[in-house]
Protein chains: 2
Amino acid sequence: MEFTKDLCTPALIVDLDKVKKNAGEMLERFQKLGVQLRPHMKTHKTLECADIMTGGSRRCIVVSTLAEASFYADHGYDDILYAYPLPFDKVERCAELAERLTLFHILLDNSAALQELKKRPLKNSKVWHVWMKLDCDNGRAGVPHSDPSALQLAQDISETAGVELTGIYAHCGNTYGCKGEEQIKAVAQETTTFTLQFMEKLKLAGIQGPKSSIGSTPSCSHPVPDMAMLSEVHPGNYVFYDVQQSLIGSCRLEDVAVRVLTRVIGHYPHRNQLLVDCGWAGLSHDGGGRLPTGYAIIEGHPELKLLSMTQEHGRVETISGQLDFSQFPMGTVLSLMPYHACATAMMHPVYFAHSKGKIVATWKPIRGW
Amino acid sequence: MEFTKDLCTPALIVDLDKVKKNAGEMLERFQKLGVQLRPHMKTHKTLECADIMTGGSRRCIVVSTLAEASFYADHGYDDILYAYPLPFDKVERCAELAERLTLFHILLDNSAALQELKKRPLKNSKVWHVWMKLDCDNGRAGVPHSDPSALQLAQDISETAGVELTGIYAHCGNTYGCKGEEQIKAVAQETTTFTLQFMEKLKLAGIQGPKSSIGSTPSCSHPVPDMAMLSEVHPGNYVFYDVQQSLIGSCRLEDVAVRVLTRVIGHYPHRNQLLVDCGWAGLSHDGGGRLPTGYAIIEGHPELKLLSMTQEHGRVETISGQLDFSQFPMGTVLSLMPYHACATAMMHPVYFAHSKGKIVATWKPIRGW
């Protein structure tokens, strides 16, 4: 691609056509299933990518930080779910967003958080829209699905004045341990079953209104038929995908929409290594260098390995045999396919979107909390 | 500290008094040795910290990116060394800085880079101030000190019209493999000896002008007497220090000036874990979780371990035995001492500087390249 010559490196480039394809396929997949897609913004944190993921509606998104929530609200977004265990230092900021937007949802998994909401009733006859996080064996946040306290908390939420139990939310992050579609579908089925069983319990307890939502990029890339019984899904990474997702089996390597461009800045034949101008400041340490090709895949060069990084330097060597330095003159641009797109994108204050061999836009993500 | 209640977490806090102490001791140490301290900005990338490290002179600094160089130049800094193997995509930006500042230095370690400089002579009778990078067995950038091509390149630089061989630069990053002062001093001595031997070779070849500089936080925290024969040193991390530096032996744990504040956002007695609101987005993956306490030291709680992180969540458990959840009510603020301050600082768009129990300033680092 001609434009690679013009960009100062390291640079995060985003293939706009792949982004549109990944986003479009996910929209279509869940439209067919009759399930609302509520895409997660945490991977990219940009307005442009959000517009693509929501099909231009600017409605119905999930965010991981309040900084994201405010950023999207400031740009005309609404129906925003802050899907993070309510942090007590941020209740007032959440209240302000809830009072300002038509729909601002929060999430909790414990009664102490519910008490915090009671202390801060919303103005203008608004109610707190609360999703209860259910842990369907992922083992991060959430009340364990089989624990009697889960139903109790749901009842407490639904019986609290000024608070509405809007939904039940499960993150199937345990799909990240899968290898291949079959394993992914097994976890997707399990999470769906546990969630739907919990919805049944709610119904038996006389609680009929709440929605149900599960999500992760692997499970939403290979949904099981029972997911059609859910109200929503909330994957995020799929818009970019990455090497990790291809190894899990969520996507093919050719679906990965992001790269970090880097340049050769040194030849060291005495140790059979090149230096490139991308260190962990441009790629992150995610993945721990455990790929056969180290910290990334170097596109078009399966013989190379990104062996180690310091802040701004990357050491590249061959997986075996002598490096042919004449193939990589000083200044040569290499293209790194990141192990984890969320972590890599986080390192960049600007992304360069390209289409048909040209840079067509620069995107600026929101940072902070 | 009272202010911890008022900050939204995760938050990077900087102990201003420790920063001043760390910076002051380094300035004094090299003033006594009669060696110019040229502090590196890469760890913090802020104006405020640079002012402290330069003792207010706003002169004589090292940077790792051109974004830093421009940022400091825009704020009245001069005598800036861009100590990074000249990337060919940035020659024009370097030329502009060289033409604008009284002293803007670049660095190179190969003749292809010298050719790039020849192609872009500086205007207004300015010359390129070039430092040649010497690899004194660190094994990253630099011409190997014992390689005859090192002297040849130095000669080529000094004989090129419009270019001045300003100095010889070695980074003793191999001190990061040390344990304790004795090992640090052995590497410092070796790097100093190799560098001074090379300066002798230059002299014998009739090249008398160039300065010499070595640096790394470990070696500059424990300099050997021979370092008095160098012109300059260029450490950077020392202004913050971190857990890694305390393990190497550069500092005591109580010298570490930075923390990430985080809050308890979940109790999970069934798996003996807390969740905190700091994931890798607030701490980085640096260190790989290999500390006995995981990814960080949790201040005042040697019994706790930051076991794992996702983007915005950290899982905390006890190193052994049952967690006493009553000690950590929801919302409790914990203070994480980072493994690697450079990597952690990189994740934050704002740092909160505190002194005597109060937030006294917010610092905004420069990002990008």
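The shown structure was predicted, so the numbers you read here are calculated from the model rather than taken from an experiment.

1. Details of the interface of chain B and chain A
At the junction of the two partners, chain B supplies 56 residues and chain A supplies 56 residues. With both sides pooled, the region where chain B packs onto chain A buries about 4,300 Å², and carbon together with sulfur makes up 60% of that total. When the buried surface of chain B facing chain A is broken down by residue, Tyr84, Arg140 and Trp369 of chain B rank first, second and third, together holding 18% of it. At the boundary of chain B and chain A, one finds eight salt bridges.

2. Side note on the nonpolar core
Nonpolar side chains tend toward joint burial in soluble globular proteins. Formed by 239 residues in total, the largest nonpolar core has its most connected members in Phe104 and Met132 of chain A together with Phe104 and Met132 of chain B. Once you skip the residues sitting within four places of it in the chain, Met132 of chain B turns out to touch Leu108, Val143, Ala150, Leu153, Ala154, Ile157, Leu165, Gly167, Ile168, Tyr169 and Phe198 of chain B.

3. Observations regarding the relation of the copies chain B and chain A
With an RMSD of 0.0 Å, the fit of chain B onto chain A corresponds to turning through 180° and sliding 0.0 Å along the axis. Such a combination of rotation and displacement between the chain copies is what one expects of a two-fold axis. Measuring from the rotation axis to each C-alpha of chain B, the shortest distance belongs to His285 of chain B, at 2.9 Å. The share of interface residues of chain B whose copies in chain A are also at the interface is 100%, consistent with both copies meeting through the same surface.

4. A word on the domain arrangement of chain A
All names here are of chain A. Split into domains, chain A comes out as domain 1 (2-10 + 252-363) and domain 2 (34-238). The C-alpha-based centres of domain 1 and domain 2 are spaced at 35 Å. Tallying the contact residues gives eight residues for domain 1 and nine residues for domain 2. Across the domain 1 to domain 2 interface the summed buried area is about 650 Å²; carbon plus sulfur atoms make up 68%. At the surface where domain 1 touches domain 2, the tally comes to one residue pair in polar contact (both at pLDDT 80 or more). Counting residues per element, the ones that place at least two in the side of domain 1 that touches domain 2 are helix H11 (341-345) and strand S18 (358-363). Element by element, the count of residues in the side of domain 1 that touches domain 2 is highest for H11, at three residues. Each residue belonging to the side of domain 1 that touches domain 2 can be placed in one class, and the counts come to six nonpolar, two polar and no charged.

5. Remarks on the state of the cysteines
The term disulfide refers to a covalent linkage connecting the sulfur atoms of a pair of cysteines. Residues and elements named next belong to chain B. According to the stated counting rule, one finds zero disulfides over all chains in the structure shown. Of all cysteine sulfurs, the one in Cys220 lies closest to Cys60, which takes part in no disulfide; the gap is 13 Å. Judged by its relative accessible area of 6%, Cys60 is buried.

6. Looking at empty space enclosed by the protein
For the structure shown, the criterion picks out five cavities of 30 Å³ or more. Of the pockets and cavities examined, the largest cavity occupies roughly 90 Å³. Every residue along the wall of the largest cavity is listed here: Trp280, Ser284, His285, Ala343 and Met347 of chain A together with Trp280, Ser284, His285, Ala343 and Met347 of chain B. Among the residues forming the lining of the largest cavity, the class breakdown is six nonpolar, four polar and no charged.

7. Things to note about the side chain of Gln311 of chain A
In this fold, Gln311 of chain A is placed in the loop between strand S14 (304-309) and strand S15 (314-318). Not counting the four nearest positions on each side in its chain, Gln311 of chain A is found in contact with Gly279, Trp280 and Ala281 of chain A together with Lys42, Lys45, Cys342 and Met346 of chain B.

8. Quick look at the pairing of strand S14 (residues 304-309) of chain B
All names here are of chain B. In this structure, S14 lies alongside strand S15 (residues 314-318), joined through five bridges in antiparallel fashion. Residue pairing across strands places Ser308 opposite Arg315, the latter belonging to S15. The turn joining S14 and S15, which pair antiparallel and follow one another in sequence, is formed by four residues.

9. A closer look at the packing of aromatic side chains
Ring pairs (aromatic) are described by centroid distance and by the angle formed between their planes. All names here are of chain A. This structure, assessed with the given rule, holds ten aromatic pairs over all chains. The interplanar angle of 65° and the centroid separation of 5.2 Å between the aromatic rings of Tyr72 and Tyr77 together place this pair among those described as edge-to-face. Here Tyr77 falls in the buried class, since its relative accessible area comes to 1%. In textbook terms, an aromatic cluster arises when at least three aromatic residues are bridged by ring pairs, as seen for Phe71, Tyr72 and Tyr77. The ring of Tyr268 carries Arg271 above its face, with NZ or CZ at 4.5 Å from the centroid.

10. Here's the deal with unusual backbone geometry
Negative phi characterises most residues that are not glycine, and trans characterises most peptide bonds. Residue and element names in this part refer to chain A. Omega for the bond connecting Thr9 with Pro10 falls within 30 degrees of zero, at -5°, which places this linkage in the cis form. The residue Pro10 is located in the segment before strand S1 (11-15) in this model. Phi at Asn124 is positive, roughly 55°, even though this residue is not glycine. When you line up the elements, Asn124 lands in the loop between helix H5 (111-119) and strand S6 (128-135). Assessed through its relative accessible area of 62%, Asn124 is described here as exposed. In this model, Ser284 sits at a positive phi of 80°, which is unusual for a non-glycine residue.

11. Notes on the pairing of strand S12 (residues 273-276) of chain A
All names here are of chain A. Side-chain alternation along S12 places Gln273 and Leu275 on one buried face and Leu274 and Val276 on a second face that is also buried. With four bridges connecting them, strand S11 (residues 258-268) and S12 associate as antiparallel partners. Across the sheet, residue Val264 finds its bridge partner in S12, namely Val276. Taking the residues that link successive antiparallel strands as the turn, the S11-S12 hairpin has four residues, and the phi of Asn272 there is positive, at about 60°. Note: S12 against S15, four bridges, orientation antiparallel. Its bridge partner lying in S15, Leu275 is registered against Arg315.

12. Points about the UniProt feature "domain: D-serine dehydratase-like" (unreviewed entry) in chain A
The feature "domain: D-serine dehydratase-like" (unreviewed entry), as annotated in UniProt, sits at residues 257-355 of chain A in this numbering. A distance of 11 Å separates the end C-alpha atoms of residues 257-355 of chain A, which is 9% helix and 40% strand.

13. Quick notes on the pattern of salt bridges
Under the counting rule described, the total for this entry stands at 44 salt bridges over all chains. Close ionic contact of Asp255 of chain A with Arg252 of chain A constitutes a salt bridge, the shortest N to O distance being 2.7 Å. Accessibility expressed as a relative area gives 10% for Asp255 of chain A, which makes it buried. For Lys32 of chain B, the salt bridge goes to Glu28 of chain B, with nearest N and O atoms at 3.5 Å. You can see Lys32 of chain B and its partner Glu28 of chain B sitting in helix H1 (residues 16-33), four residues apart, about one turn around the helix. Within this structure, Lys21, Glu25, Arg252, Glu254 and Asp255 of chain A form a network of salt bridges that share partners.

So, how was this worked out
Residues numbered from 1 in each chain as written. Chains lettered and ligands numbered in written order. Predicted model: local features only at pLDDT ≥ 70, side-chain atom pairs only at ≥ 80, totals over all residues. Heavy atoms only, no water. Contact = heavy atoms within 4.5 Å. Buried area = accessible area lost by both parts, 1.4 Å probe. Salt bridge = Lys/Arg side-chain N within 4 Å of Asp/Glu carboxyl O. Core = buried A, V, L, I, M, F, W, Y, C linked by side-chain atoms within 4.5 Å. Buried < 20%, exposed > 50% of the residue type's maximum accessible area, 1.4 Å probe, protein only. Least-squares fit on C-alpha atoms with pLDDT ≥ 70 in both. Domains from an automatic or database assignment. Polar contact = N/O pair within 3.5 Å; in protein donor to acceptor, adjacent residues only side chain to side chain. Helix = DSSP H or I, 4+ residues; strand = E, 2+ residues; numbered from the N terminus. Nonpolar A, V, L, I, M, F, W, Y, C, P; charged D, E, K, R; others polar. Disulfide = S-S within 2.5 Å. 1 Å grid on protein atoms, 1.4 Å probe; cavity = no way out; pocket = protein on both sides within 12 Å on 5 of 7 lines; lining within 4 Å. Points joined across faces, edges and corners; volume = space filled by probe spheres on them. Pairing = 2+ DSSP bridges. Phe/Tyr/Trp six-rings, centres within 6.5 Å; stacked < 30°, edge-to-face > 60°. Lys NZ or Arg CZ within 6 Å of the ring centre and 35° of its normal. UniProt positions renumbered as here; feature names shortened; annotations may be inferred.

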